[in-house]
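The chain contents come next:
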Amino acid sequence: MKRNTLILLALSLIFVACRNDEESTLCSINVNFSLNVNGDSLERDSMKYVNDAGNKYMVTDLQMIVSKLQMVHSDGTLQVFDKSVHFLDLADTSTYRWTIEDVPIGIYNSIGFVFGFDSTMNVTGAYPDPPISEMIWPESLGGGYHYMKLNCRWLSDKELLPLNFHLGAEQMIEGSDTTVIDNSFMVTRTSDFEISSKFDNVFEVNVDINKWFGPGNIIDFDKIKGVSIMESHEIQKIARDNGPDVFSLNKKTVK
């Protein structure tokens with residue numbers, strides 16, 4: 001009986017060792033976001049920022065969605081976490097970290113994510129729970145969800161005016177034809193890196209709010225007074241074109 005007990009104990013230890021070995025092939029990664037303007041940490045309700053058009057402004061609120069983290073393995077295999085969605089809120093620092101579980105260890109050539117939702121994910125009602133449910137985009141404009149709500153106030157002739165810089169998909173109607181334009185885009189870092197269970201796997205995303213407004217394509221607040229940005233194809237396109245420069249994605253150095 002004693003011998004049988006020892007055999008069972010030995011087998012159980014082997015099982016645990018194998019299980020732990022199998023589990024070690026997967027780990028989590030963290031993507032940390034920092035919000036800034038021209039390299040300085042973003043301060044809410046502070047009238048000290050100036051864009052490339054010379055408009056002085058402050059940020060009152062910022063909410064943003066990123067999704068579908070994806071990486072390319074060194075063997076060329078694309079690893080897509082197509083259920084990964086993250087909501088970032090300036091008012092809640094706990095949202096500045098995005099954790100993705102069950103990431104295979106190994107060497108990768110690139111990592112990226114989608115700003116907003118691509119057309120496969122941007123479906124009205126797909127996210128019924130807050131806070132994402134509160135980012136709903138009007139059906140009359142194409143449906144789905146806001147990619148970002150950036151609310152500002154800016155100084156025009158000594159008068160404070162609102163600027164609700166809201167981005168999402170567009171609905172274009174030409175005659176009997178209706179087309180929904182997906183204004184999401186990829187944020188990508190191309191460089192070899194390792195994902196390992198032996199150290200923390202942390203990526204840092206620097207978000208420069210000022211770059212939504214230039215210098216690539218300059219948005220002058222004075223010229224868009226009264227414009228409904230959600231309905232403006234021109235502004236949505238400029239934002240989509242400027243967007244990749246807003247984000248800088250890097251892997252944190254392991255020490």
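Our structure's up above, just so we're on the same page.
First things first, this report covers the structure right here in the doc. (Residues numbered from 1 in each chain as written. Predicted model: local features only at pLDDT ≥ 70, side-chain atom pairs only at ≥ 80, totals over all residues. Heavy atoms only, no water.)

**Looking at the overall build of the chain**
Here is step 1 of the chain: Scanning the chain from terminus to terminus reveals 2 helices and 14 strands.
Here is step 2 of the chain: By sequence separation, contacts in the chain at least 24 residues apart represent 70% of the contacts at least 6 residues apart.
Here is step 3 of the chain: A total of about 13,600 Å² of accessible surface is found on the chain, and carbon and sulfur atoms cover 50% of it. (Helix = DSSP H or I, 4+ residues; strand = E, 2+ residues; numbered from the N terminus. Contact = heavy atoms within 4.5 Å. Areas by Shrake-Rupley, 256 points an atom, 1.4 Å probe, with all protein chains shown as cover.)

**Observations regarding helix α2 (residues 233-246)**
Here is step 1 of the chain: End to end, α2 covers 20 Å across 14 residues, agreeing with the expected 20 Å (1.5 Å per residue, within 8%).
Here is step 2 of the chain: At R240, α2 is bent by approximately 30 degrees, the largest bend along its length, and proline P244 sits one to four residues beyond.
Here is step 3 of the chain: For α2, the secondary structure elements touched by its buried residues are β9 (159-167), β10 (170-174), β12 (185-195), β13 (202-208) and β14 (247-251). (Expected span 1.5 Å × (residues − 1). Bend = angle between axes of the 7 residues up to and from the residue.)

**A short note on the pairing of strand β4 (residues 56-73)**
Here is step 1 of the chain: Across the 18 residues of β4, 13 count as buried, placing the element largely inside the fold.
Here is step 2 of the chain: Strand direction decides the pairing type here: strand β3 (residues 49-50) and β4, joined by 2 bridges, are antiparallel. Residue V50 lies in a different strand from β4, and its bridge partner there is K56.
Here is step 3 of the chain: Taking the residues between adjacent antiparallel strands as the criterion, β3 and β4 are bridged by 5 residues, where G54 takes a positive phi near 90 degrees. (Buried < 20%, exposed > 50% of the residue type's maximum accessible area, 1.4 Å probe, protein only. Pairing = 2+ DSSP bridges.)

**Observations regarding the pattern of salt bridges**
Here is step 1 of the chain: This structure, assessed with the given rule, holds 5 salt bridges.
Here is step 2 of the chain: Note that D61 and R44 form a salt bridge whose closest N and O atoms lie 2.6 Å from each other. Of this pair, D61 sits in strand β4 while R44 sits in the loop between β2 (40-41) and β3, and the two are 17 residues apart along the sequence.
Here is step 3 of the chain: Between K68 and D118 there is a salt bridge, with its nearest N and O atoms 2.7 Å apart. Remark: D118 occurs in the loop between β7 (106-115) and β8 (148-156) and K68 occurs in strand β4; sequence separation between them is 50 residues. (Salt bridge = Lys/Arg side-chain N within 4 Å of Asp/Glu carboxyl O.)

**Side note on unusual backbone geometry**
Here is step 1 of the chain: A cis amide bond links P130 to the next residue, P131, at an omega of 10 degrees.
Here is step 2 of the chain: Take P131: it is sitting in the loop between β7 and β8.
Here is step 3 of the chain: Between G214 and the following residue, P215, the backbone shows a cis peptide bond with an omega angle of 10 degrees.
Here is step 4 of the chain: As for its position among the elements, P215 is in the loop between β13 and α2.
Here is step 5 of the chain: For K68, which is not glycine, the phi torsion reads 50 degrees and is therefore positive.
Here is step 6 of the chain: Looking at K68, the relative accessible area reads 12%, which means it is buried.

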